[in-house]
2 protein chains.
Amino acid sequence: MMISLDGYVAGADLTLETPIGGAEALFDLFDQRAIHGVDRIGDDPITVDRALLSTWGHGVGADIMGRRMFGPQRGPWREDDDWRGWWGPEPPYGNPVFVMTHHLRPPIEFDNGTSFHFVDGTAAEVLARAKEAAAGKDVRIGGGPATVRQFLEADLVDFMYLSVAPIVLGHGLSLWGGLEAIEERFDIESVTTASGLTHRLWNRKPRDASGS
Amino acid sequence: MMISLDGYVAGADLTLETPIGGAEALFDLFDQRAIHGVDRIGDDPITVDRALLSTWGHGVGADIMGRRMFGPQRGPWREDDDWRGWWGPEPPYGNPVFVMTHHLRPPIEFDNGTSFHFVDGTAAEVLARAKEAAAGKDVRIGGGPATVRQFLEADLVDFMYLSVAPIVLGHGLSLWGGLEAIEERFDIESVTTASGLTHRLWNRKPRDASGS
């Protein structure tokens, strides 16, 4: 996740036209293009930012996201709603994606292996379903902030990657609300790159040692 | 490549028992285990070191190495030599590997897709053969230092990844001999991690802009 200096990971004004809700500046420093080989990135340099961002997708077998990350709608789905997500015909997942919502609807499937499943339940329940679908691979929790917070509160996160952009957004959706002292459960490594991004790797402490 | 503060990437005393020639301390800070998914690394934390080291193998279609990286022998091969490299039955390449040597011998093939081809020629000639074998993917030059130096001298390197270990070896095989001012051809990004390693990404400057 990208996060601002003041702790916002998305804007509040999420609409069809502004999927990051007015917080697009979070992504100005980095185009999120992954490295799939030295030549593959075209004429652009291979930066530490790109190298780090390219790591996290490997070994993922299922994703979890909040409903707002799937689309801007609120409340019950309209019966004629043909929304299939923000991503066009090839969503960048290639595996089952569990969308947490109280408003269920049939799954949506794509030719590239991506499928969206609309599920209601606690973080632990949804994680159990996603783990089964992942068949031994990892489960990635993509966002938004309310969804990530649920999993952090339930202590279900083994690893978190946060990239801090040196900007102040002033408003938006905060990651940190209600997570006082969450850092005590993690070992955190920080590295700052030439772009000004600070990448932080949060590894859950061994559960024996932390006493929880 | 791992390199010491004084510029050595391997020891000089390369034998069957000491494949890094007495410079094993270069690898003390890092076990070189790549990340293939958050759970896959066992109970070890995901560090920036591991994330960076895990990036470079993606998209590689062929490797080039010097003869000493393949084995400790010198001079002509004995007719009954059954040496198949340092790596046992599953060398960690999975693609064609071109071993630069004046002493040719038939290729050696493994079940996991790795094959070693013994080739004589200039850096440019060997690169051309490796590029053809890579079929559009990248060619990786793994070492040792004399081999890397040949490709740097011939300006055939688009990208170089060097990780500096904070140790002084005092002797060994140097990377830098004969490469005065080589840095002028590259844009270099440095980042230092919690382990004390400094990772440097050398991206070849656009050839138009550099005038060469």
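As the structure is a computational prediction, the values presented were derived from the model and not from experiment.

*Asks:* Summarise the sheet that holds strand β11 (residues 198-204) of chain B; cite the residues concerned and give the values.
*Replies:* Residue and element names in this part refer to chain B. The mixed open sheet is built from four strands, whose spatial order is β1-β8-β11-β10. What marks the edges here is a single partner per strand, and that holds for β1 (2-4) and β10 (186-192). Averaged over all neighbouring strand pairs, the angle between strand axes comes to 25°, with direction disregarded. Where strand β8 (residues 159-165) and β11 come together, six bridges link them in antiparallel fashion. The residue of β11 that forms the bridge with L162 is R200.

*Asks:* Give me the packing of aromatic side chains: which residues, what numbers.
*Replies:* Taken as a whole and assessed by the stated rule, the structure comprises 24 aromatic pairs over all chains. Measuring from centroid to centroid gives 6.4 Å for F70(A) and W87(A), while their planes differ by 45°, and the two rings are tilted. Pair noted here: F70(A) is in helix α2 (residues 67-70) and W87(A) is in the loop between α2 and β4 (96-100), with a separation of 17 residues, a long-range link. By relative accessible area, which is 0% here, F70(A) ends up buried. The exposure class assigned to W87(A) is partly exposed, which follows from its relative accessible area of 24%. Between F110(B) and F116(B), the aromatic rings sit 5.9 Å apart at their centres with planes inclined by 80°, giving edge-to-face as the arrangement. With respect to burial, F110(B) and F116(B) carry one shared label: buried.

*Asks:* Account for the environment of K205(A), with residues named and values stated.
*Replies:* You can see K205(A) is positioned in the loop between β11 (198-204) and α5 (207-210). A sequence separation of 47 residues divides K205(A) from D158(A), and the C-alpha atoms of the two residues are 8.3 Å apart.

*Asks:* Describe the pattern of salt bridges, naming the residues involved and giving the relevant values.
*Replies:* Any two side chains of opposite charge can pair, on the condition that their charged atoms come close. Scanning the entire structure with this criterion turns up eight salt bridges over all chains. Measuring nitrogen to oxygen at the nearest pair gives 2.7 Å for the salt bridge that ties R204(A) to D155(A). Here R204(A), found in strand β11, pairs with D155(A), found in the loop between α4 (145-153) and β8 (159-165); they are 49 residues apart in sequence, far enough to count as distant. The residues R204(A) and D155(A) share a single accessibility class, namely buried. With its nearest N and O atoms 2.7 Å apart, the salt bridge here joins R140(B) to D63(B). In this pair, R140(B) is assigned in strand β7 (residues 138-143) and D63(B) in strand β3 (residues 60-66), connecting sequence segments 77 residues apart. By relative accessible area, R140(B) is classed as partly exposed at 27%. One continuous salt-bridge network, built from bridges that share partners, spans D155(A), R185(A) and R204(A).

Rules of the game
- Residues numbered from 1 in each chain as written.
- Chains lettered and ligands numbered in written order.
- Predicted model: local features only at pLDDT ≥ 70, side-chain atom pairs only at ≥ 80, totals over all residues.
- Heavy atoms only, no water.
- Pairing = 2+ DSSP bridges.
- Helix = DSSP H or I, 4+ residues; strand = E, 2+ residues; numbered from the N terminus.
- Axes fitted to C-alpha atoms, helices over the stretch in contact; angles between N-to-C directions.
- Phe/Tyr/Trp six-rings, centres within 6.5 Å; stacked < 30°, edge-to-face > 60°.
- Buried < 20%, exposed > 50% of the residue type's maximum accessible area, 1.4 Å probe, protein only.
- Salt bridge = Lys/Arg side-chain N within 4 Å of Asp/Glu carboxyl O.

Read these as layout, nothing more, since geometry by itself doesn't imply function.
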